[in-house]
Amino acid sequence: MTTPGKTTPDKSTPGETTSGKNGRTTVAFIGLGIMGGPMAAHLVRAGHDVVGHNLSRLAVDVLVERGGRAAVDTADAVREADVVITMVPDSPDVEGLVLGEDGILAHAKPGTLHIDCSTIRPDVTRRIADAERERGIRPVDAPVSGGEPAAVDGTLSIMVGGEPDDVAAARPFLDVVGKTVVHVGPSGAGQTVKAANQLIVAGNIQLVAEALVFLEAHGVDTESALAVLGGGLAGSTVLERKGATMRARTFAPGFRIDLHHKDLGIVTASAREAGVAIPLGAHVAQLVGSLRAQGHGGLDHSALLLQVEELSGRGRS
Ligand code: NAD
């Protein structure tokens, strides 16, 4: 584990607190979707008192079956919490959860650690962090990578932004759900690194999709082709994890095109703000936007393959 900002938590950190139910740390977990559901389950298994809230009740019931508790709303979830973890889709969702009437600022106790694992705009993260510090809440941005399989296995990569003491306090919880947990800088830095992650992943998927259609058009056995490509410089986690499902044309999410479209909006805006050219990234952002506009926003991002087929006159629909 690489930890430039690593410090040893002192006894006052939430990692050591015992104010929760039965003397355990109480962790409020808000957003129990594809990623949040398994992450919350890991925290239950690690012995924490996890109280969950989600817009649809079914996900909360699943958490309760796994040993967690149900909250009726955000205020109810965060009121007694030592740690609040949010894992919701987009910037406005996190803004609502933090700044809303029912939200974290209004109802969490001073000293509460707020770890936001959602992928959102770095500028929004910084603004929220300033508001939270003014109220004695300790903000940490901790977006994740690795997708649903890594959430289920507890092996996420987590890029962490925040003050060193707050990050150190968050680390015991992040270590439960992640394998590579790295403090990358102050508040917002985690989101900037995550944006770079999304730029690389989208470009990689697009090129794997193009390579597959190219190989198929030449009548090459793609199973053998991907096996040998995976052993060379063309190998990648995308090729390893998505190659087989792309060959089989199974595009159940996973990571939805809608979410990658949101992330590439963050990437292009942040690149513009920094005066950086990302010609390939901007192009892939257009391709993802186009796939979404065609009604495929609910499919996994590996469905970029469908568009390569269409562009090549080889569509199957
Ligand atoms: P999801 O849509 O499956 O889950 C989000 C959950 O948040 C939903 O269950 C929804 O009901 C809940 N929610 C939204 N607003 C809420 C609110 N105000 N109060 C309570 N619950 C609320 O999304 P996901 O795939 O789990 O992604 C969550 C975040 O993680 C996103 O920012 C995404 O970009 C990021 N992410 C996803 C993946 C992936 O592979 N799915 C990988 C890395 C990062």
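Residues numbered from 1 in each chain as written. Predicted model: local features only at pLDDT ≥ 70, side-chain atom pairs only at ≥ 80, totals over all residues. Heavy atoms only, no water.

The name an unreviewed UniProt entry gives the chain is 2-hydroxy-3-oxopropionate reductase, with Pseudonocardia yuanmonensis as the organism.

1. Considerations on the domain arrangement of the chain
Inclusion rule: Domain ranges listed in this record stem from an automatic or a database domain assignment. Contact criterion: two residues are considered in contact whenever any of their non-hydrogen atoms come within 4.5 Å of each other. Put simply, buried area is the surface a 1.4 Å probe can reach on two separate parts but cannot reach once they are joined, added for both. By salt bridge we mean one thing: a side-chain nitrogen of Lys or Arg within 4 Å of a carboxyl oxygen of Asp or Glu. Here a polar contact means two N or O atoms within 3.5 Å. Within protein one must be a hydrogen donor candidate and the other an acceptor candidate, and residues neighboring in sequence count only if both atoms are side-chain atoms.
According to the domain assignment, the chain consists of domain 1 (21–186) and domain 2 (193–309). Every contact between the two is made by 15 residues of domain 1 and, on the other side, 12 residues of domain 2. Regarding the contact of domain 1 and domain 2, the summed buried area is about 1,100 Å², with carbon and sulfur atoms giving 62% of it. If you sort the residues of domain 1 by the area they bury against domain 2, Ile-34, Thr-119 and Met-159 come out on top, with a joint share of 36%. Counting across the domain 1 and domain 2 interface gives 0 salt bridges. Between the two partners, domain 1 and domain 2, sit 5 residue pairs in polar contact (both at pLDDT 80 or more).

2. Topic: the pairing of strand β5 (residues 113–116)
Which entries qualify depends on this criterion: The buried label applies to any residue whose accessible area, calculated with a 1.4 Å probe on protein chains only, is under 20% of its type's maximum; exposed applies above 50%, and partly exposed to all values in between. By the criteria applied, helices consist of DSSP H or I runs no shorter than four residues and strands consist of E runs no shorter than two, each listed in order from the N terminus. Paired strands, in this sense, are two strands between which DSSP finds at least two bridges. Looking down the strands as they point away from you, a crossover is right-handed if its path from the first strand over the helix to the second goes clockwise.
Burial along β5 is two-sided: the face carrying Leu-113 and Ile-115 and the face carrying His-114 and Asp-116 are both buried. Relative to β5, strand β4 (residues 83–86) runs parallel, the two being bridged by 4 bridges. Across the sheet, the residue bridging to Ile-85 is Ile-115, located in β5. One crossover worth recording links β5 to the parallel strand β6 (residues 138–141) by way of helix α6 (residues 122–134), and it is right-handed.

3. Description of the site of the ligand
Put simply, the rule reads: Proximity is defined per residue: any heavy atom of the residue falling within 4 Å of a molecule or strand makes that residue near it.
Not every one of the 24 residues close to the ligand is listed here, only the nearest: Met-35, Asn-54, Pro-89, Arg-256 and Lys-262. Within the contact set of the ligand, an oxygen atom lies 3.0 Å away from a backbone nitrogen or oxygen of Ile-34. The separation between an oxygen atom of the ligand and a polar main-chain atom of Thr-119 is 3.0 Å. Elements represented by at least two residues in the shell around the ligand include exactly α7 (147–153) and α12 (257–274).

4. Observations concerning the UniProt feature "domain: 6-phosphogluconate dehydrogenase NADP-binding" (unreviewed entry) in the chain
Test applied: UniProt positions are given in the numbering used here, feature names are shortened, and annotations may be inferred rather than shown by experiment.
Here, UniProt's "domain: 6-phosphogluconate dehydrogenase NADP-binding" (unreviewed entry) annotation points to residues 26–185. Note that residues 26–185 is 44% helix and 25% strand, and that its end C-alpha atoms are spaced 27 Å apart.

5. Remarks on the UniProt feature "domain: 3-hydroxyisobutyrate dehydrogenase-like NAD-binding" (unreviewed entry) in the chain
In the numbering used here, UniProt assigns the "domain: 3-hydroxyisobutyrate dehydrogenase-like NAD-binding" (unreviewed entry) feature to residues 188–305. Within the segment residues 188–305, helix and strand shares are 75% and 0% respectively, and the terminal C-alpha atoms sit 32 Å apart.

6. So, the pairing of strand β2 (residues 49–53)
With respect to burial, β2 is a largely interior element, 5 of its 5 residues being buried. The side-chain alternation of β2 yields two buried faces, one formed by Asp-49, Val-51 and His-53 and the other by Val-50 and Gly-52. Looking at chain direction, strand β1 (residues 26–30) and β2 are connected through 5 bridges and run parallel. Each residue of the ladder has a partner; that of Ala-28, found in β2, is Val-51.

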